[in-house]
Amino acid sequence: MKNWVTFPRVEGNSSRQAHAKLPEGTYERELGKEGFFGPATQMHHSHPPTGWIKWEGPLKPRAFDLAADKRAQSSPWDAGKVVSNGHVQVRFWRADGAMDHLVRNGDGDELMFVHEGEADLYCDFGHLAIRDGDYVMIPRGTMWRVEPKAAFSALLIEASNNSFRLPEKGLVGRHAIFDPAMLDVPRIDDAFRAQQGEKTWRVVIKRRGAFSTVTYPFNPLDAVGWHGDLTVVRINWRDIRPLMSHRFHLPPSAHTTFMANRFVVCTFVPRPAESDPDALKLPFFHSNDDYDEFLFYHRGKFFSRDNIHPGMVTLHPCGFTHGPHPKALAMAMKSAGGQMLDEVAVMIDTRDALDVDDAAAAHEWTGYVDSWQPKKEAAE
Ligand SMILES: [Fe+2]
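Model, not experiment: these values are computed from the prediction. (Residues numbered from 1 in each chain as written. Predicted model: local features only at pLDDT ≥ 70, side-chain atom pairs only at ≥ 80, totals over all residues. Heavy atoms only, no water.)

1. Structural notes on the overall build of the protein
Part 1 of the reasoning: Helices and strands together make up the secondary structure of the protein, namely 4 helices and 24 strands.
Part 2 of the reasoning: Against the globule reference of 21 Å for 380 residues, the protein gives a C-alpha radius of gyration of 22 Å, in line with a compact fold.
Part 3 of the reasoning: Referenced to the eigenvectors of the C-alpha coordinate spread, the extents of the protein come out at roughly 75 × 45 × 40 Å.
Part 4 of the reasoning: Residue burial in the protein is summarised as follows: out of 380 residues, 51% are buried.
Part 5 of the reasoning: In the protein, the proportion of contacts linking residues at least 24 apart, taken out of those at least 6 apart, comes to 73%.
Part 6 of the reasoning: Of the roughly 18200 Å² of accessible surface on the protein, a fraction of 52% belongs to carbon and sulfur atoms.
Part 7 of the reasoning: Treating the 44 positive side-chain charges of the protein as one cloud and the 50 negative ones as another, the clouds have centres 2 Å apart. (Helix = DSSP H or I, 4+ residues; strand = E, 2+ residues; numbered from the N terminus. Rg over C-alpha atoms; globule rule 2.2 N^0.38 Å. Buried < 20%, exposed > 50% of the residue type's maximum accessible area, 1.4 Å probe, protein only. Contact = heavy atoms within 4.5 Å. Areas by Shrake-Rupley, 256 points an atom, 1.4 Å probe, with all protein chains shown as cover. Lys, Arg positive; Asp, Glu negative; His and termini not counted. Charge placed at Lys NZ, Arg CZ, Asp CG, Glu CD.)

The structure is reproduced here in structure tokens:
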């Protein structure tokens, strides 16, 4: 435990337990450092902290509709960047068919989250059939290509100059959320052997953001075997068994799936809402004061957000409080809880500020900042 300049105090009319037994008629807001692992305080407000009526200046909640970008590319390197900083790059790639070349990322590990479709992935380590909802972790330097079987789109998350790893499971043990034995790896199978041969293949390497092409008079995916603990791994959100408590709204960190040094990737999957009468039944208002929060909506009904559909992204930079939309808040306050929250979303929380890149900026929903206003929401 670090020696934070802090110790718990209670002031005024307050609950003693975070996210439960709120004082009558109040809205809870959590102010947290270090992604809620550092000092944190729950405030009890008499108005929702998202009740602003005017917002000026460059810092604001933003939303983007990646589903509206219909451009397809033959190479993931041509996919538009969505957000980035020195430690992470997020691209959204819509494949236009089977890749006619291999790619190799020399800048960092790649985490592919398949949004739509299914495909065969061929890489140094063999063949892996992939489908929507798969996370495919591709170690830096791996050669790979995909052959889609249907329309195929994916979020590509690069851990720049870094590696993905699994989170500490702590109290809940190493088999929680998903058993590491559920991680699939590519196989040297008949399909892999069938794509080998003496045809010319190009390998397009990304290093320091620049591209170099190496041509071979044969397919360099020609391994006949391998052994070791460095390989491509795959896990689908359907194999994630989420942590939940019927009495306590767990923070997003409970849903951490992959980590790198300066960001985490969390997965929200269908789970029951809290059912205890005293428990909060949806995300609490919060200021995540050291992290920018990027959320990609994959499928389902996004219960705490209005006017959000699959393929959309929200970005809540640190520096302000955010939380559920008024309609969700009103519904949750009336609800006994226990209902299934049918949503799948990928969250990337970054320690360093994210820049919004062209692929996102071109499809921005500029009215998002006003979407917490009940009147505006009714008009939309
Ligand atoms: Fe948040």
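Structure shown, so let's carry the discussion forward.
2. Re the sheet that holds strand β6 (residues 102–105)
Part 1 of the reasoning: The strand order β9-β8-β11-β6-β13-β14 describes an open sheet built from 6 strands, whose pairing is mixed. Here the strands that pair on one side only, and so sit at the sheet edges, are β9 (126–131) and β14 (210–216). Each strand of the sheet is rotated relative to its neighbour by a mean of 30°, with strand direction disregarded.
Part 2 of the reasoning: The pairing of β6 with strand β11 (residues 143–148) spans 2 bridges and is antiparallel. Paired with R104 across the two strands is M143, which belongs to β11. (Pairing = 2+ DSSP bridges. Axes fitted to C-alpha atoms, helices over the stretch in contact; angles between N-to-C directions.)

3. Concerning the coordination of the iron ion
Part 1 of the reasoning: On the protein side, the iron ion has H286 (NE2), E293 (OE), E293 (OE) and H322 (NE2) as donor atoms, found 1.8 to 2.7 Å from it.
Part 2 of the reasoning: In this structure, the iron ion is coordinated by 4 donor atoms arranged in irregular fashion, with angles at the metal of 55 to 150°.
Part 3 of the reasoning: Donor residues for the iron ion sit on one chain with the sequence pattern H-x6-E-x28-H. With respect to burial, H286 and E293 carry one shared label: buried. (Donors = N, O, S within 2.8 Å, 3.2 Å for Na, K, Ca; no water. Tetrahedral: all angles 85-135°; square planar, octahedral: opposite > 155°, others 65-115°.)

4. What to know about the layout of surface pockets
Part 1 of the reasoning: Its volume calculated, the second largest pocket comes out at about 690 Å³.
Part 2 of the reasoning: Along the walls of the second largest pocket sit 24 residues, with P8, R9, A40, T41 and Q42 positioned nearest its centre.
Part 3 of the reasoning: Of the residues that constitute the lining of the second largest pocket, the class distribution is 11 nonpolar, 10 polar and 3 charged. (1 Å grid on protein atoms, 1.4 Å probe; cavity = no way out; pocket = protein on both sides within 12 Å on 5 of 7 lines; lining within 4 Å. Points joined across faces, edges and corners; volume = space filled by probe spheres on them. Nonpolar A, V, L, I, M, F, W, Y, C, P; charged D, E, K, R; others polar.)

5. Quick notes on helix α2 (residues 326–334)
Part 1 of the reasoning: Taken together, the buried positions of α2 are occupied by A328, L329 and A332. Buried positions in α2, seen along its axis, are confined to an arc of 100° and lie on one side of it. In α2, those exposed residues whose orientation departs by more than 90 degrees from the buried face are M331 and K334.
Part 2 of the reasoning: Elements that come into contact with the buried residues of α2 comprise β1 (27–32) and β19 (285–288). (Arc of directions from axis to C-beta.)

6. Quick look at the pairing of strand β12 (residues 152–160)
Part 1 of the reasoning: A large share of β12 lies buried, amounting to 9 of its 9 residues.
Part 2 of the reasoning: Burial along β12 is two-sided: the face carrying F152, A154, L156, E158 and S160 and the face carrying S153, L155, I157 and A159 are both buried.
Part 3 of the reasoning: In the sheet, strand β5 (residues 88–95) pairs with β12 via 8 bridges, with the strands oriented antiparallel. Paired with V90 across the two strands is I157, which belongs to β12.

7. Comments concerning the sheet that holds strand β17 (residues 263–268)
Strand pairing in a sheet relies on backbone hydrogen bonds. The paired strands run either parallel or antiparallel.
Part 1 of the reasoning: Spatially, β3-β21-β20-β23-β17-β16 is the arrangement adopted by the 6 strands of the open sheet, whose pairing is antiparallel. Strands at the two margins of the open sheet, each flanked by one partner only, are β3 (62–65) and β16 (256–259). Direction aside, neighbouring strands of the sheet carry axes that sit 20° apart on average.

8. Quick look at the side chain of D107
Part 1 of the reasoning: Mapped onto the elements, D107 comes out in the loop between β6 and β7 (108–116).
Part 2 of the reasoning: In terms of polar contacts, D107 uses its side chain to reach the side chain of K206, at 2.9 Å. (Polar contact = N/O pair within 3.5 Å; in protein donor to acceptor, adjacent residues only side chain to side chain.)

9. Quick look at the confidence of the model for the protein
Part 1 of the reasoning: Residues of the protein with pLDDT of at least 70 account for 98%, and the chain-wide mean is 93.
Part 2 of the reasoning: With pLDDT under 50 throughout, residues 376–380 is counted as low confidence; its partners more than four residues away or in other chains account for 6 contacts. (pLDDT = per-residue confidence, 0-100.)

10. Looking at the side chain of N105
Part 1 of the reasoning: Residue placement: N105 occurs in strand β6.
Part 2 of the reasoning: The exposure class of N105 is buried, given its relative accessible area of 3%.
Part 3 of the reasoning: At a separation of 2.9 Å, a polar atom in the side chain of N105 contacts the side chain of E158.

11. Here's the deal with the packing of aromatic side chains
Part 1 of the reasoning: In the structure shown here, the tally under the stated rule is 17 aromatic pairs.
Part 2 of the reasoning: When the ring of W93 is compared with that of W144, the centres are 6.3 Å apart and the planes differ by 70°; the resulting orientation is edge-to-face. Separated by 51 residues along the polypeptide, W93 in strand β5 and W144 in strand β11 bring together distant segments of the chain. You'll find W93 and W144 in the same group, each marked buried.
Part 3 of the reasoning: Judged by centre distance (6.5 Å) and plane angle (75°), the ring pair of F113 and F296 falls under edge-to-face. Pair noted here: F113 is in strand β7 and F296 is in strand β20 (residues 292–300), with a separation of 183 residues, a long-range link. Like F296, F113 is buried.
Part 4 of the reasoning: Among the aromatic side chains, those forming a connected cluster through ring pairs are F92, F113, Y135, F164, F258, F263 and F296. (Phe/Tyr/Trp six-rings, centres within 6.5 Å; stacked < 30°, edge-to-face > 60°.)

12. Digging into empty space enclosed by the protein
Part 1 of the reasoning: Overall, the coordinates contain 1 cavity of 30 Å³ or more when judged by the stated rule.
Part 2 of the reasoning: The volume enclosed by the largest cavity comes to roughly 70 Å³.
Part 3 of the reasoning: Taken together, L66, D69, R71, Q73, G80, F92, R94 and A359 form the lining of the largest cavity.

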